[in-house]
Amino acid sequence: MDMAIIGLGRMGMNMGTRLVQDGHRIVAWNRTKSKLDEAEELGMEPAYTFEELIGKLSSPRAVWVMVPAGQPTDDMLEKAAALMSPGDVLIDGGNSNYHDTQRRSETYTAKGLHYMDAGTSGGIWGLKIGYCLMVGGPVEGFKIIEPLIASLAPPRGYLHAGPAGAGHFVKMVHNGIEYGLMQAYAEGFEIMKCSKDYDLDLAAIAGLWNQGSVVRSWLLELAELALQEDGDLSGLQGYVEDSGEGRWTVQAAIDEDVPAPIITLSLQMRFRSRQSDPFQSKMLAALRKQFGGHAVKTAPSPQLGDTRLEDHAAPGTQLRPSVAGQEKPIHGDAETTTDKAAKD
């Protein structure tokens, strides 16, 4: 079957390659010529303009857009759709917000196109093992592109999830679950790494847990690979980005009144990973110092370049009258009338 692919990033290039390997004719467009040269070496036909790209396809045309979500996707869809005819199939295979997909579906359905959304999971391993595909859109459009979907996916690896946006919605929740799973693995492995009683082989444990364990998974296989390459992950910084789907999943949970503490906290932990000495932690230290006279760690001295643990106890604390007319330290407000010892 013929198909055009727009966008030759890591996913787009590998998907085009997998389709070529399964006998499909793939015409490719990308902003940079070097990517088109690479695609040609892999068996795809390069196109240097959108007119050439669409013109090389037989009807009904199928055009798969694989670019970053948001305005880039809107731009590519608009350019392709302007050259397509009623009955053609336009597919967004990126990580678009399902609300955007619903909006786009109305626009392109009105033009007579079958607008499809394909939530795509598999990452850089998809070329070898296939992509899990969650597809939304009209049944008629799905039937046209099903041979392509079947080639991209492993056995039992695709599903027509429902009408417009359903594929991206299911993929969004998939990624939210992924956040929670990754966070749980990360926490568990850090507990083992920090053990004062045992010097554990974390790579071996990751491999072991994939042999019949309840927590076995592909993510755990990847954890084993990462730990085999760098046992204490010293070559990495603990800085973790988020690509949007986790936020959208949390927002969907709020919209539907569904409690989702694990996914929400895993997203928040990614925010925390990108902070260094955040203001909120300073605020906590300041409050403990104020109400309880607790020791705090001071900021590095410009002269000394070090930090010091200072004991800011009660002496010198500013006083004010209490309700009973007696003077009490300001930090006493955080204590009960029994004047408990300062305990955080």
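Located above this text is the structure these notes cover.
Residues numbered from 1 in each chain as written. Predicted model: local features only at pLDDT ≥ 70, side-chain atom pairs only at ≥ 80, totals over all residues. Heavy atoms only, no water.

On to the nonpolar core, then. Formed by 27 residues in total, the largest nonpolar core has its most connected members in Met-3, Leu-8, Trp-64, Leu-133 and Ile-145. The element best represented in this core is helix α7 (residues 139-152), accounting for five residues. Setting aside anything within four residues of it in sequence, one finds Ile-145 in contact with Met-1, Ala-62, Val-89, Ile-91 and Met-116. In this structure, Val-27, Val-63, Leu-90 and Leu-113 belong to the second largest nonpolar core, which totals 21 residues. (Core = buried A, V, L, I, M, F, W, Y, C linked by side-chain atoms within 4.5 Å. Buried < 20%, exposed > 50% of the residue type's maximum accessible area, 1.4 Å probe, protein only. Helix = DSSP H or I, 4+ residues; strand = E, 2+ residues; numbered from the N terminus. Contact = heavy atoms within 4.5 Å.)

Before going further, it helps to examine the pattern of salt bridges. Overall, the coordinates contain 13 salt bridges when judged by the stated rule. Of the charged contacts, one joins Arg-25 and Asp-2 as a salt bridge, the two residues approaching to 2.9 Å between their closest N and O atoms. Placement of Arg-25 in strand β2 (residues 25-29) and of Asp-2 in strand β1 (residues 2-6) is noted, with a sequence separation of 23 residues between them. On the basis of relative accessible area, Arg-25 is assigned to the partly exposed category, the value being 27%. A residue is classified by how much of its surface remains accessible, and Asp-2, at 19% relative accessible area, is buried. Residue Asp-74 is joined to Arg-104 by a salt bridge in which the shortest nitrogen-to-oxygen separation is 2.8 Å. Placement of the pair is Asp-74 in helix α4 (residues 71-81) and Arg-104 in helix α5 (residues 98-109), with a sequence separation of 30 residues. The exposure classification of Asp-74 matches that of Arg-104, with both residues buried. (Salt bridge = Lys/Arg side-chain N within 4 Å of Asp/Glu carboxyl O.)

Another aspect to go through is the packing of helix α8 (residues 166-193) against helix α9 (residues 202-209). Where α8 meets α9, the closest approach of the two axes is 11 Å, and the angle between their N-to-C directions is 135°. Put simply, α8 runs oblique to α9. In terms of crossing hand, the pair formed by α8 and α9 is right-handed. Residues Phe-189, Met-192 and Lys-193 of α8 touch α9, and the partners they reach there are Leu-202, Ile-205, Ala-206 and Trp-209. Split into classes, the residues belonging to the contact of α8 with α9 amount to six nonpolar, no polar and one charged. (Axes fitted to C-alpha atoms, helices over the stretch in contact; angles between N-to-C directions. Parallel < 35°, antiparallel > 145°, perpendicular 65-115°, else oblique. Left-handed = near helix turned anticlockwise from the far one by under 90°. Nonpolar A, V, L, I, M, F, W, Y, C, P; charged D, E, K, R; others polar.)

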